[in-house]
Structures are given as structure tokens and as C-alpha cells.
Amino acid sequence: MKRRQFLKNASITGVGLTVGSTIIGCAEASSDKKEAIAIGTKSTLPLVIATWHVIDATKKAMEVLQAGGNALDAVEQGCMIEEANEKGQSVGKGGLPDRDGNVTLDACIMDKHGNCGSVVYLQNITHAVSVARKVMEDTPHVMLAGEGAKQFAISKGFKAEDLLTDASKEAWEKWKLEAKYKPIINIENHDTIGMLAIDKNGDISGACTTSGLAYKMGGRVGDSPIIGSGLFVDNEIGAAVATGLGEEVVKTVGSFLVVELMRQGKTPQQACEDAISRIVNKPNSDYKNFQVGYIAVNKQGETGSYSIHQWFSMTKFQDGVNEQIQSDYFNQ
């Protein structure tokens, strides 16, 4: 597996540490390295990363952080940008429907304390991520589904509206002419925004929201609202989020796996690569016909991204730079 993207995106501080460690003694290098990491971390926070090319979403999240807001507020408000983007057709209003013509949303959110909330099969409410946060904060539950999730949202003041836009309806009508279902790599699998943020205090939160695979079976739920699969945050270690064919992420509890690998000492890049290996190396894996991608961040502010196939990308906002970074990938 290749490390090109990780090396390319390594911070100047990290490069300095590597060079420095070659010219000083081992014991002294270890001490200096710890001190340099602590200094470097302060200079690189706050930080926001997200799946795919979503610079408006990461911009909003960074605005929240720079104004003194916390990571939880940042990921919620960042994801809301894409949920309201009708042209996106993969998240929130305007999302492509299931095969019956219903736009159904899944979302989850997780804070620095390990608290989490989730909604699945939610209809007629644009900001699923905000409903998930209300589930986390205002109920004793972690997950609400379907009509129950909708009624809860309305009781909290969310507005019910038709999420099927003219453009998405037209696409659905065209699909019905043949009604064939085969997810297309990086098109129908480009169905999620997952976002992770570290605020000025060094605390981590994450969120994930989606309208799911286009023309899925009615009632289908993927990995995005499943804590540990689509998203996982451990404020002592780091966080990860997944995108792509959710069924394959669920089978390996992907985001939890990435965080646990970081706990064992892997860098975010190495952890993402190892998690992809778990999928592609399964017996009889059909990985050539589907996409999965991971992004991750650790407590030091190091990031990583990796996917099965080319063209997965991560948006990263750090040190005043809001950029799209193409991920390295397995299937060269």
C-alpha cells in the first residue's frame, strides 16, 4: 500500500521532526519530538476534514471554530450546508430517492464525551444531522427511525417539507425506464458527507449525513447513521468517518476499526489503509465493483484518507487553507 498522499500532506512540523531525529541521539530525539509535537499541535488547530469535495461545508465549520465555537457545533453546521444544497443530490433536500420515489435520510453525530445520536429512514426533514443531535441531547436514546424520527423532529420545531426536487424526480423517472440497480463507483456511491473537527481546545467531534444510495430498496439503511461503522469518535485517540457502499463498511465496523488501529499506534493514514485491506482481502471480495473510502484524524491533528478506487477525495481546512486532497487508493 502506498503512502504518497499521507507523505505529501505531512505537516512542516512533522518533516522537521523526521529530519531532526536523524541528527540527534535517540533519547534526546524522543524528548524533543514530544515537545515539538505539543508546539505543532497548537499551531495547527482548529482543523476540519470532510469526505469528498465540500469546501463550502468545511468553510462554514471553520467559521464556527474560528469564532470560538466547539467542534460539535462546527460539524453540525458544516454538514447542514450540504443538506440544504439541492444540487448535490446525495445529501438532504434534493437527494436522489429510493426506487419508490421517496427521499429517505440517515445521519448521526458524536461528541467529545462519546455521546451520540442517530436517525434512520427519516423523511420530509432536511436537516437530519440536527435531528440526530436532538436525539443525542434531548432523549435517553441513541437512534430513532422512520415515522417516529419524523414526529420527534416536528415536535422539536423542524419544518416538514417535500425533499424530492424536480431534478431528482426527473432522474428517478428516467431510471424507472430500465429500473436496473447497480451502484456506480464514485457516482451513486458518492452519497455521504462525513465531517470531523478538532477545536481550539483539542476536542474532537464528528457527524455524517446522507440520502443513501440512489434507487435503493425502500427501507434500506447503510453505514452512515451507524455509530462505529459510518462514524466513530474517541476524544483520547482520534476519529474516523466512512463513505461508499455502506454494506461493506458495516461488515467490518469500519470507522471503529480505524480508530482502534490508531489506538494501537498506527497513523491516521496507516489506519485507513489497513481498514480498506480488511474489506478487499475478505474471501471472495467483490471490491472491484464497489467503492469505500475513509478519512481519519488523530489527537495530534494528523490526517489520513484512503479508498479502494481512484477519485475519492478529502476536503481539509487547516492553517487558513481550504483544499481538496485526492486520496491514495488500493486498486492501482
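Up top is the structure these notes are about.
A quick note: this is a predicted structure, and the numbers were derived from the prediction, not measured.

Basis of the calculations
- Residues numbered from 1 in each chain as written.
- Predicted model: local features only at pLDDT ≥ 70, side-chain atom pairs only at ≥ 80, totals over all residues.
- Heavy atoms only, no water.
- Buried < 20%, exposed > 50% of the residue type's maximum accessible area, 1.4 Å probe, protein only.
- Helix = DSSP H or I, 4+ residues; strand = E, 2+ residues; numbered from the N terminus.
- Pairing = 2+ DSSP bridges.
- Core = buried A, V, L, I, M, F, W, Y, C linked by side-chain atoms within 4.5 Å.
- Expected span 1.5 Å × (residues − 1).
- Arc of directions from axis to C-beta.
- Contact = heavy atoms within 4.5 Å.
- Axes fitted to C-alpha atoms, helices over the stretch in contact; angles between N-to-C directions.
- Nonpolar A, V, L, I, M, F, W, Y, C, P; charged D, E, K, R; others polar.

### Let's talk about the pairing of strand β6 (residues 204-210)
- When you tally the buried positions in β6, you get seven out of seven residues, the bulk of the element.
- Side chains Ile-204, Gly-206, Cys-208 and Thr-210 project from β6 onto one buried face, and the interleaved Ser-205, Ala-207 and Thr-209 project onto a second face that is buried too.
- Pairing of strand β2 (residues 105-110) with β6, which is carried by five bridges, proceeds in the antiparallel orientation. Across the sheet, Met-110 pairs through a bridge with Gly-206, a residue of β6.
- Pairing between strand β5 (residues 192-198) and β6: seven bridges, direction antiparallel. Following the sheet pairing, Leu-196 is matched in β6 by Gly-206.
- Hairpin connection, β5 to β6: the antiparallel pair is bridged by five residues, and Gly-202 has positive phi, about 85°.

### A few points about unusual backbone geometry
- Pro-46 follows Leu-45 through a cis peptide bond whose omega is 5°.
- Turning to its location among the elements, Pro-46 is positioned in the loop between α3 (26-44) and β1 (47-51).
- The phi dihedral of Gln-89 falls on the positive side, at around 60°, and the residue is not glycine.
- Among the structural elements, Gln-89 can be located in the loop between α5 (71-83) and β2.
- Overall, Gln-89 belongs to the partly exposed group, its relative accessible area being 26%.
- The backbone phi angle of Trp-311 is positive, close to 85°, even though this residue is not glycine.
- With relative accessibility at 56%, the residue Trp-311 sits in the exposed group.

### Describing the nonpolar core
- Formed by 45 residues in total, the largest nonpolar core has its most connected members in Leu-196, Val-258, Val-292, Tyr-294 and Ile-308.
- Take this core: its biggest share by element is six residues, from helix α11 (residues 268-280).
- Residues Val-48, Val-91, Val-103 and Ile-125 belong to the second largest nonpolar core, which totals 39 residues.

### Quick notes on α11
- The end-to-end C-alpha distance of α11 is 19 Å, a good match for the 18 Å that 13 residues give at a rise of 1.5 Å each.
- Buried residues of α11: Pro-268, Gln-269, Ala-271, Cys-272, Glu-273, Ala-275, Ile-276, Ser-277, Ile-279 and Val-280, and no others.

### Observations concerning helix α4 (residues 55-66)
- The end-to-end C-alpha separation of α4 is 16 Å, in line with the 16 Å expected for 12 residues at 1.5 Å each.
- For α4, the full list of buried residues reads Ala-57, Thr-58, Ala-61, Met-62, Val-64 and Leu-65. Projected onto a plane normal to the axis of α4, the buried residues spread over an arc of 155° and lie on a single side.
- Along its buried surface, α4 packs onto β1, α5, β5, β11 (313-318) and β12 (321-326).

### Focus: the sheet that holds strand β4 (residues 143-145)
- The eight strands are arranged β4-β3-β2-β6-β5-β1-β11-β12 in an open sheet whose pairing can be described as mixed. For this open sheet the edge positions go to β4 and β12, each flanked by a neighbour on one side alone. When strand polarity is set aside, the average angle formed by the axes of neighbouring strands in this sheet is 10°.
- Where β11 meets β12, six bridges bridge the pair, whose relative direction is antiparallel. For Thr-315, the partnering residue across the bridge sits in β12 and is Gln-324.
- Along the sheet, α5 makes contact with β2, β5 and β6, crossing β5 at roughly 155°.
- Each of β3 (116-122) and β4 is contacted by helix α7 (residues 146-155), which is oriented at about 105° to β4, the strand it contacts most.

### Overview of the packing of α5 against helix α6 (residues 128-138)
- Running from amino to carboxyl end, α5 crosses α6 at an angle of 150°, the nearest separation of the two axes being 8 Å. Contacts from Leu-72, Asp-73, Glu-76, Cys-79, Met-80 and Glu-83 of α5 reach α6 at Ala-128, Val-129, Ser-130, Arg-133, Met-136 and Glu-137.
- Its residues placed into classes, the contact of α5 with α6 shows six nonpolar, one polar and five charged.

### Observations regarding the environment of Phe-232
- Relative to the helices and strands, Phe-232 resides in strand β7 (residues 231-234).
- As a C-alpha pair, Phe-232 and Ala-242 span 10 residues in sequence and 9.4 Å in three-dimensional space.
- If we skip the residues at most four places from it in the chain, Phe-232 touches Met-110, Ile-227, Gly-238, Ala-239, Ala-240, Ser-255, Phe-256 and Val-259.

### Side note on the sheet that holds strand β9 (residues 292-298)
- Spatial ordering of the open sheet is given by β7-β8-β9-β10-β13, a layout of five strands whose pairing is mixed. Edge positions in the sheet fall to β7 and β13 (328-329), since each has one partner strand and no second.
- In this sheet, β9 lies alongside strand β8 (residues 238-244) in antiparallel orientation, the contact comprising seven bridges. Residue pairing across strands places Thr-243 opposite Gly-293, the latter belonging to β9.
- This element, helix α10 (residues 254-263), spans β7, β8 and β9 of the sheet and lies at about 145° to β8.
- Packing against the sheet, α11 makes contact with β9 and β10 (303-307), and its axis sits at approximately 20° to β10.

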